[in-house]
Amino acid sequence: MTNDSVEKLSADAKIKTTVSKCPNCGGEAVFDAKSQKLHCPFCGSFFEIENENKVVENEIAGLLQSAKEWKEAEVYECKSCGAKEILSRNEVAKICPFCGTNNVVRSEDLAGLQPQGVVTFKIEKDEAGNIATTWAKKGFWAPRDFKRSATPENIHGVYNPVFTFDVETKSSYKGRLGEYYTTTNGKTTTTHVRYFNVSGDQNLNFDDFIVQASYTMPQYRITQISPFPTNGAPAYKPEYLRGYSACAYSKDGNVCWKQCKELMQVEIEKKILSRYKYDVKDYLQVNTAYYHPKYKYILLPVYVGNYTYRKKLFNFYINGSNGKIAGNRPVSFWKVFFAVMLAVILIAVIIFFSYTTD
Ligand SMILES: [Zn+2]
Ligand SMILES: [Zn+2]
């Protein structure tokens, strides 16, 4: 930590809340993933976060009504990539975790709902950096610079807001599926479809089905790096966010619940179709009823990495709880170019020798 940043932190601390101030030296304490305690980087002290409570599930009928506004947080917007980030009031945005620029300004937007629970970071930043480096090196076509840039400095811990839903579903369905069969007439073989009707009931229970509540990280990436230990997560305490930022909540609970039903429908259809042996689906009609839906609104720990290659932004995401990683690696223009050239030369050589040896 440079002298500059020490000065900056203590200047900020004067006007901010006291919750994360180190009682020993007054420095800014941050959440430590390894010990799950608050840690003061200035004097090295650790402080237990008193929290007996676990996040509880809520009846969906009260979705959003009982929600608390998140007063101790402010929204910052990145003018380069549009990402919206939430920081507690005693922090100042420096670098956008999603695009790496420092074009970050305070926004007038409200921070939205206060999370009910937090799945805390278990993996430390250095470890996340190692995971990213290993992953980046596996990309054969990735530019060398990308492999070098996947380091802890370019990775940021960001809490991602989600709704999780518990629900029992009962569906009835009917449809028409088909199986191929062939007939042979002399030398010609023809393929036909034999259709058959299907109908029945399918029950499926969902526990902690995750729906992304922010547009900043895509839902499919969250699904790819799942699971997260969402059951029994500790109840929200601002201490867990010290040293991290959070994505701004941008989809309300009702929108998420609607999306949850659409995503569950895909799972239900898959389950129904897995009962049959078929080659083609003519149609499948499914009617689903939902029983005892419950929700919780929580934060998930994600390390975000960014890399810009030929003016295109690439992000990758690491589960801050188990280290699972997902993202696109950039493809090096020159590597592909030389590979193609090499292939062309090889073919030319082969053709040359096959002609000359004849
Ligand atoms: Zn201290
Ligand atoms: Zn940005």
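Conventions we followed
Residues numbered from 1 in each chain as written. Chains lettered and ligands numbered in written order. Predicted model: local features only at pLDDT ≥ 70, side-chain atom pairs only at ≥ 80, totals over all residues. Heavy atoms only, no water. Donors = N, O, S within 2.8 Å, 3.2 Å for Na, K, Ca; no water. Helix = DSSP H or I, 4+ residues; strand = E, 2+ residues; numbered from the N terminus. Buried < 20%, exposed > 50% of the residue type's maximum accessible area, 1.4 Å probe, protein only. Pairing = 2+ DSSP bridges.

Asker: Would you take a moment to explain the coordination of the zinc ion (ligand 2) for this structure?
Answerer: Working reference: metal with six octahedral donors, ideal angles 90 or 180 degrees; metal with four tetrahedral donors, ideal angle 109.5 degrees. Donor atoms from the polypeptide that coordinate the zinc ion (ligand 2) comprise Cys78 (SG), Cys81 (SG), Cys96 (SG) and Cys99 (SG), at 2.2 to 2.4 Å from the metal. All donor residues of the zinc ion (ligand 2) come from one chain, and their arrangement in sequence is C-x2-C-x14-C-x2-C. Pair noted here: cysteine 78 is in strand β5 (residues 73-78) and cysteine 96 is in the loop between β6 (84-88) and β7 (104-106), with a separation of 18 residues, a long-range link.

Asker: I tried to follow the pairing of strand β13 (residues 312-319) on my own but got confused; where do I start?
Answerer: Two faces, one strand: in a regular strand the side chains alternate between the faces of the sheet. Counting buried positions along β13 gives six out of eight residues, so the element sits mostly inside the fold. The pairing of strand β12 (residues 280-309) with β13 spans eight bridges and is classified as antiparallel. Looking at β13, one finds that threonine 308 is bridged to leucine 313. Linking two consecutive strands that pair antiparallel, namely β13 and strand β14 (residues 325-327), is a turn of five residues; a positive phi of about 85 degrees is found at glycine 323 within it.

Asker: How do you make sense of the sheet that holds strand β1 (residues 30-32) when you look at a structure like this?
Answerer: In any sheet, the strands associate via hydrogen bonds between backbone groups, in a parallel or an antiparallel arrangement. In spatial order, the strands read β1-β2-β3; together these three strands make up an open sheet with antiparallel pairing. With one partner strand each, in any of the chains shown, β1 and β3 (46-47) form the two edges of the open sheet. Two strands pair when backbone bridges link them, and strand β2 (residues 37-39) and β3 are joined in this way by two bridges, in the antiparallel orientation. By the bridge assignment for β3, leucine 38 is matched with phenylalanine 47.

Asker: Whenever I open this one, the coordination of the zinc ion (ligand 1) confuses me. Can you help?
Answerer: Within the protein, the zinc ion (ligand 1) binds to Cys22 (SG), Cys25 (SG), Cys40 (SG) and Cys43 (SG); these donor distances fall in the range 2.2 to 2.3 Å. Linear spacing of the donor residues for the zinc ion (ligand 1) on their chain is C-x2-C-x14-C-x2-C. Placement of cysteine 25 in the loop between α1 (3-15) and β1 and of cysteine 40 in the loop between β2 and β3 is noted, with a sequence separation of 15 residues between them. Residue classification places cysteine 25 among the partly exposed residues on the basis of a relative accessible area of 40%. Overall, cysteine 40 belongs to the buried group, its relative accessible area being 0%.

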